[in-house]
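Topology and contacts: notes
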Amino acid sequence: VYHTKGWYGKGTLANLLKGKRNTKIKEKALDRLSVFGIMKESSEKEILILLMDLILLGYLKASHQGFEEQLLITAKGADLLKGRERLVRQVPLDR
């Protein structure tokens, strides 16, 4: 979310983190970001669950511009990125 500056939603971010080079990823040059494919060992479902958990825990906020979803980093999420907050997930990934 940080590297995309809040321009994209869960699906695009999951594709970015998974390393999928689909049309949108290529058109927007998202495959050039340092985080492209950083979670290639995880399934797309696991990445989507992680993003939804980050929203539910208040680290990310979903915003909607028309039909487009955008994920934004909250103040709590900024604290997590800066190391002032620790992420603890108690729910297994295989929901």
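Before going into details, it helps to say that this report is about the structure given with it.

Rules of the game
Residues numbered from 1 in each chain as written. Predicted model: local features only at pLDDT ≥ 70, side-chain atom pairs only at ≥ 80, totals over all residues. Heavy atoms only, no water. Patch = residues over 30% accessible without salt bridge, like charges linked within 9 Å, V, L, I, M, F, W, Y side chains within 5 Å. Areas by Shrake-Rupley, 256 points an atom, 1.4 Å probe, with all protein chains shown as cover. Salt bridge = Lys/Arg side-chain N within 4 Å of Asp/Glu carboxyl O. Helix = DSSP H or I, 4+ residues; strand = E, 2+ residues; numbered from the N terminus. Buried < 20%, exposed > 50% of the residue type's maximum accessible area, 1.4 Å probe, protein only. Contact = heavy atoms within 4.5 Å.

**Focus: a nonpolar patch on the surface**
- A cluster of nonpolar side chains, contributed by Tyr2, Ile73 and Leu81, occupies part of the molecular surface with about 320 Å² of accessible area.
- By the secondary structure assignment, tyrosine 2 is in the segment before α1 (10-18).

**So, α1**
- Most of α1 is tucked away, with seven of its nine residues classed as buried.
- What α1 keeps buried is the set Lys10, Thr12, Leu13, Ala14, Asn15, Leu16 and Leu17.
- At its buried positions, α1 is contacted by α2 (23-27), α3 (44-56) and β2 (68-73).
- Backbone geometry just after α1 places glycine 19 at a positive phi near 90°.

**Remarks on unusual backbone geometry**
- Unlike most non-glycine residues, alanine 29 shows phi in positive territory, near 60°.
- Residue class for alanine 29 comes out partly exposed when judged on its relative accessible area of 24%.

**A short note on the environment of isoleucine 25**
- For isoleucine 25, the position within the fold is in helix α2.
- Distance from isoleucine 25 to leucine 13, taken between C-alpha atoms, is 9.3 Å for residues twelve residues apart in sequence.
- Once residues within four sequence positions are removed from consideration, isoleucine 25 is found in contact with Thr12, Asn15, Leu16, Lys20, Leu30, Asp31 and Phe36.

**Remarks on the pattern of salt bridges**
- With the rule as written, the count across this model stands at five salt bridges.
- One salt bridge in this structure joins glutamate 69 and lysine 10, with 2.7 Å as the shortest N-O distance. With glutamate 69 in strand β2 and lysine 10 in helix α1, the pair connects residues that are 59 residues apart, well separated along the chain.
- One salt bridge connects lysine 20 with glutamate 44, and the closest N-O pair in it is separated by 2.7 Å.

Interpretation note: all reported values are geometric properties and have no functional meaning in isolation.
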